[in-house]
Amino acid sequence: MKRIIVCLKQAVDVSQLKVDPATRRLITASAPKKISDFDKNALEEAVRIREKIGEAEVYTLTVSHEDAKAVLREALAIGADKAYFVNDPSFQDVDTSGTAYVLAEAIKKIGEFDLVLCGEASLDSFSGLVGSRLAELLNLPLIASVRRLTVEDNTVVAERTLEDAYETVKAKMPALITVTREINQPRIPSLMMIMKASKKAIVTWTATDLNIQQKKIGAKIEVVEVLAPKTERKKIMITGENSAEIAEKLAKALIQEGVVGR
Amino acid sequence: MSEHKGVWVFSEKYDLTLEMLRKGREIADKLQTKLTAVFAGHNIKEKAGELIKYGVDKVYLIDNPALERFQAEAYLSVLHNLAANYKPEILLIGSTKNGKSLAARLATRLGTGCVPDCAGLGVNEEGRLIGERITYGGNAVAKVTFRSKPQIATIPARAFEKLEPEDRKGEVIELDVQIEGPKTEVVEIKPLETASVNIEEADVIISCGRGLEKKEDKALLEELAKIVNGHVGNSRPLAEDRKWFTEWVGLSGHKVKPTLYIACGISGVIQHVAGIRDSKTIVAINNDPEAPIFEVADYGVVGDLYEILPALTEALRKQLH
């Protein structure tokens, strides 16, 4: 095992999003950004693998049209050895197709690796396509939605979470793995780790450095509208002298609705 | 782009295929084109004809021992070969974990766009497919359309109801397709307990959150579940933080749509709400009057779940019998 590359997305922190009640539009411009949760699990897993076998390098890779230095610093503090940042204003409208293409070109330029780790999906758009697309572009074995991972010699063994089963899958490395949040609990970097991280390298590339063809990053899908869903709930508060009275009233309401005793 | 024609449907899950056929039929009629099901597996010839009853004009049948059970590269190569040859305009793929990954890889091979997890689907005035999906952690619903063909969308289970079977005309075309060898090897499959699988189909769900003090107290919910013939669930913190359970209800876990959802001691973060949004009636029991769950509930009770739940069980026991 020589090298693990972890793909990190800088995502909108969805727990801090606000909605304009008049238009139902999301206020995304001022929303804070962070490492997408699932990707942080991928990074944690890479660092744990390195700690276990003691010799691998962990590189992170981020593609964005905007600044993402804070996120990259955090990744280095968590334990990455080096961060690669592909930053170009032409990436403004990329979709999963374009993102996967740029990631693939960057990985080819980085060169040798044994594992590529990605989050199963991103916190904000939650598409879950980039990892699979990337595996296809790099012609790698893919094991998606992994909740447990072990590395033995040149083989990776992973347990996947499916809808109705857990599936254990084996692949020869190099391979691409996407992880779920179940796989681990990412560490919170200490002040010491944060200080150490400031000395680590961030390599920044532009589209030109990777010979990115603009026609290949053109979006293949188009977001027409993003609106907060309407909530049409009754919002009836049931009150009473005591629990028994409240329960009686609630039971009656549910029976009248026809939602119990069917 | 104009050479692309027809609506195709594929899932490795039979029920999900049938559900998608309803929507596929509707879209094919709107576009005045044909609806085709890609049906892959081994020894499945008899079942292929059955699909016609559910709205299909044409079944592409690929019957091969290599397709006995889902294998990513095998299924991917089948769909890629067919789609590259026959050029469908729209391809609907069942949004299981395997199906979604398949759709992403297929879209990459075909150099086209993919919109995952569309719980709503339609066509605009230009005849382009529009998918509706939950995004931003449940804070929003996005409408997304395509700039390339085929237009690939993935459809979650139970988004649409299958049609009633009826006698219709259609054809089954058996095809021989080049199948790629696997890049990964499945060494073990452990089925999940059926109880947890079925929660997505449950008619009544009683769920607990951080308000539950001990794992064993879930018995309070089970008592109520017995009376109303319901299933018991939980929110993510009880699984991920407290490790009491391995699964949860919510956007990243089981998305549910019961007739009745009773949330006990669940604060109602947006990710949880996104997973229960399609419930017909939502009841919230929480001791914090400011809990956001009350904003999305039909009936709210501010109170201690340890008092309200047993009282509700008792009240329903009396009133229902």
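Preceding block: the structure.
As a starting point, this report considers the structure included with it. In this text, all values refer to a predicted model and were calculated from it rather than measured experimentally. (Residues numbered from 1 in each chain as written. Chains lettered and ligands numbered in written order. Predicted model: local features only at pLDDT ≥ 70, side-chain atom pairs only at ≥ 80, totals over all residues.)

Some points on the packing of helix α6 (residues 218-228) of chain B against helix α9 (residues 305-320) of chain B
Residues and elements named next belong to chain B. The criterion, for reference: Only the stretch in contact is used when fitting a helix axis, every axis being a line fitted to C-alpha atoms; angles between N-to-C directions are given from 0 to 180 degrees. Counting from the N terminus, the helices are the DSSP runs of H or I reaching at least four residues and the strands are the DSSP runs of E reaching at least two. Each angle receives one of four descriptions, namely roughly parallel if under 35 degrees, roughly antiparallel if over 145, roughly perpendicular if within 65 to 115, and oblique otherwise. Should the near helix be turned anticlockwise from the far one by less than a right angle, the crossing is termed left-handed; should it be turned clockwise, right-handed. C-beta atoms are placed from the backbone for every residue, and two residues are taken to be in contact when these atoms lie within 7 Å. Polarity classes work like this: nonpolar for Ala, Val, Leu, Ile, Met, Phe, Trp, Tyr, Cys and Pro, charged for Asp, Glu, Lys and Arg, and polar for all others, with Gly in that last group.
The N-to-C vectors of α6 and α9 enclose an angle of 15°; their axes lie 9 Å apart at closest approach. In terms of orientation, α6 and α9 fall into the roughly parallel class. Here α6 runs over α9; the crossing is left-handed. Across the interface between the two elements, Leu220, Leu221, Glu223, Leu224, Ile227 and Val228 from α6 touch Leu309, Pro310, Leu312, Thr313, Leu316, Arg317 and Leu320 from α9. Among the residues making up the contact of α6 with α9, the classes are represented as ten nonpolar, one polar and two charged.

Observations regarding the sheet that holds strand β1 (residues 3-7) of chain A
Selection rule: Pairing between strands requires that DSSP locate at least two bridges from one strand to the other.
Pairing is mixed across the open sheet formed by ten strands, whose spatial order is β13(A)-β7(A)-β6(A)-β1(A)-β8(A)-β12(A)-β9(A)-β10(A)-β11(A)-β11(B). Every other strand in the sheet has two partners, leaving β13 (201-205) of chain A together with β11 (185-191) of chain B as the edge strands with one partner each. If you compare each strand with its neighbour and ignore which way they point, the axes differ by 30° on average. Where β1(A) lies against strand β8 (residues 115-119) of chain A, three bridges are found, and the strand directions are parallel. The residue bridging A:Ile5 from the neighbouring strand is A:Val116, located in β8(A). Across the sheet, helix α3 (residues 96-110) of chain A lies against β1, β6 (57-64), β7 (82-87), β8 and β13 of chain A, angled at about 145° from β6(A), the strand it touches most.

Some points on the pairing of strand β2 (residues 35-41) of chain B
All names here are of chain B. Selection criterion: Three exposure classes are used. Buried residues have 20 or more other C-beta atoms within 10 Å of their own C-beta, exposed residues have 12 or fewer, and partly exposed residues fall in between, all C-beta atoms being placed from the backbone. If the strands point away from the viewer and the path from the first strand over the helix to the second runs clockwise, then the crossover is right-handed.
Where burial is concerned, most of β2 is hidden: seven out of the seven residues are buried. Of the two faces of β2, the one lined by Leu35, Ala37, Phe39 and Gly41 and the one lined by Thr36, Val38 and Ala40 are each fully buried. Relative to β2, strand β1 (residues 7-10) runs parallel, the two being bridged by three bridges. Note on β2: the bridge partner recorded for Val9 is Ala37. In this region the chain leaves β1, passes through helix α1 (residues 14-30) and returns to the parallel neighbour β2; the handedness of that crossover is right-handed. Relative to strand β3 (residues 58-63), β2 is paired through six bridges, and the arrangement is parallel. Bridging across to β3, Ala37 finds its partner in Val59. Assessed by its sense of winding, the connection that carries the chain from β2 through helix α2 (residues 45-53) to β3 is right-handed.

In short, geometric facts, not functional conclusions.
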